[in-house]
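# Understanding the architecture of this molecule
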Amino acid sequence: MNKKTIEALEVILKRFQTIDLELQKEENLTDIKLMTELNRERAQLEETALKYVEYKRVQTDISDAKEILEAEKDADMRELAKAQLDEGHEQEEKIEEELELLLLPKDPNDDKNVIFEIRGAAGGDEANIFAGDLFRMYSRYAERTGWKIEVLDQNESAAGGFSLISFMLKGDKVYSKMKFESGSHRVQRVPKTESKGRIQTSTATVAVLPEVSDVEVEIKSVDLRIDTYRSSGAGGQHVNTTDSAVRITHIPTGVVAASQDGRSQHDNKEKAMTMLRARIYEAELEKQQAESASMRKSAVGTGARSEKIRTYNYAQNRVTDHRVNLTLNKLDQVMDGNIDEILTELVNNEQKELIAQQIESNS
């Protein structure tokens, strides 16, 4: 491992140890804001710091084994030291690879929950039905992963599925796994409404937005127009009986968010505000990236809804992710929520790209 990397790791370890000392000081225990910030920073540094401590321990073991080999004349002790040295070098190589990944630039949103927006696009009723299939796929994956899912808004289609469904996924580092799902998803199959058995191509668009707090996106109440209306879809006893649905418009940007799936007007207002913050954040982020000449153009795509990222071919039980040239002949399993293989390939691809960029910048 080069000197520059060691220096960076030493800085991280020192800061991690400093935070631990700060968290133990009595005068800090009553400062909730400071304690929250320190615990958040500690969590971000912990994996790298502890992995580096492990690396230093292995380095010590290697050094000890070398000293024994140089000084020891007993054959059995030399054999034991040689075995310890070989094991140490194997561990050293493995940990160096892990540290290399841990030191890659982090997406600041990776630890966040996400808001999904799925819309039926080209293909009429079939597109809406496919949007419903995608929602089920992500729901099943969330169940398998232990994440919580909360529907924020939905517009059901008469033929089935949704013209729009928005929902939140809550769990550990959700955005880091799901951010690559943004884009246009294409389905090729015979629609239920097709009497002649012809295959039709339809699309549904997916947007994955990180959940943002009111601290990250400041929204003034004077800039909002809040309208209430009667729910038109699923929602239990409140549907068509009270004006519980809420639509919020952010006047300066024109961004709109609505929710009708909550149990009360207050609940729908909170959900709509959550979506509104995420959409404003996304719009501002896109603006900043567009203005930045050094914007990284990822090999897995920009995440734009118009960008075709994946094709689901039912006739051949095949799914293809076009960004990483991955084809799996188990579409039935994928649609049942078994998407880990695809997500892992996308994450690995991003890591390879980041490593290549680091090598290029250091050369």
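- The chain carries the name Peptide chain release factor 1 in an unreviewed UniProt entry, which gives Spiroplasma chinense as its organism.
- Under Sequence similarities (unreviewed entry), UniProt gives the following word-for-word description of the chain: "Belongs to the prokaryotic/mitochondrial release factor family."

## Here's the deal with the packing of aromatic side chains
- Evaluated as defined, the whole model comprises seven aromatic pairs.
- Taken together, a centroid distance of 5.8 Å and an interplanar angle of 85 degrees make the contact between Phe-135 and Phe-162 edge-to-face. One end of the pair, Phe-135, is in helix H4 (residues 125-145); the other, Phe-162, is in strand E3 (residues 162-170), with 27 residues separating them in the sequence. Considered together, Phe-135 and Phe-162 belong to a single accessibility category, that of buried residues.
- Centre to centre, the rings of Tyr-141 and Trp-147 are 5.6 Å apart; their planes meet at 80 degrees, and the pair counts as edge-to-face. The two residues Tyr-141 and Trp-147 agree in class, both being buried.
- Taken together through their ring pairs, the aromatic side chains of Phe-116, Phe-135, Tyr-138, Phe-162 and Phe-167 make up a single cluster.
- The ring of Tyr-281 has Lys-112 sitting right over it, with the charged end atom 5.1 Å from the ring centre.
- We note Arg-247 situated over the ring of Tyr-229; from NZ or CZ to the ring centre the distance is 4.5 Å.

## Quick look at the sheet that holds strand E8 (residues 255-259)
- In space, the three strands of this open sheet follow the order E6-E7-E8, with antiparallel pairing throughout. Because the sheet does not close on itself, it has two edges, and the strands there are strand E6 (224-229) and E8. Averaged over all adjacent pairs, the angle separating strand axes in this sheet is 15 degrees, with direction ignored.
- Where strand E7 (residues 245-250) meets E8, five bridges bridge the pair, whose relative direction is antiparallel. Residue pairing for E8: His-250 is matched across the bridge by Val-255.

## Details of the sheet that holds E3
- Reading across from one edge, E2-E3-E1-E5-E4-E9-E10-E11 is the order of the eight strands in this open sheet, with mixed pairing throughout. Each having just a single partner strand, strand E2 (148-156) and strand E11 (326-328) make up the two edges of the open sheet. Each strand of the sheet is rotated relative to its neighbour by a mean of 15 degrees, with strand direction disregarded.
- Along the sheet, H4 makes contact with strand E1 (114-120), E2, E3, strand E4 (183-189), strand E5 (200-210) and strand E9 (308-313), crossing E5 at roughly 45 degrees.

About the cut-offs
- Residues numbered from 1 in each chain as written.
- Predicted model: local features only at pLDDT ≥ 70, side-chain atom pairs only at ≥ 80, totals over all residues.
- Heavy atoms only, no water.
- UniProt positions renumbered as here; feature names shortened; annotations may be inferred.
- Phe/Tyr/Trp six-rings, centres within 6.5 Å; stacked < 30°, edge-to-face > 60°.
- Helix = DSSP H or I, 4+ residues; strand = E, 2+ residues; numbered from the N terminus.
- Buried < 20%, exposed > 50% of the residue type's maximum accessible area, 1.4 Å probe, protein only.
- Lys NZ or Arg CZ within 6 Å of the ring centre and 35° of its normal.
- Pairing = 2+ DSSP bridges.
- Axes fitted to C-alpha atoms, helices over the stretch in contact; angles between N-to-C directions.
- Contact = heavy atoms within 4.5 Å.

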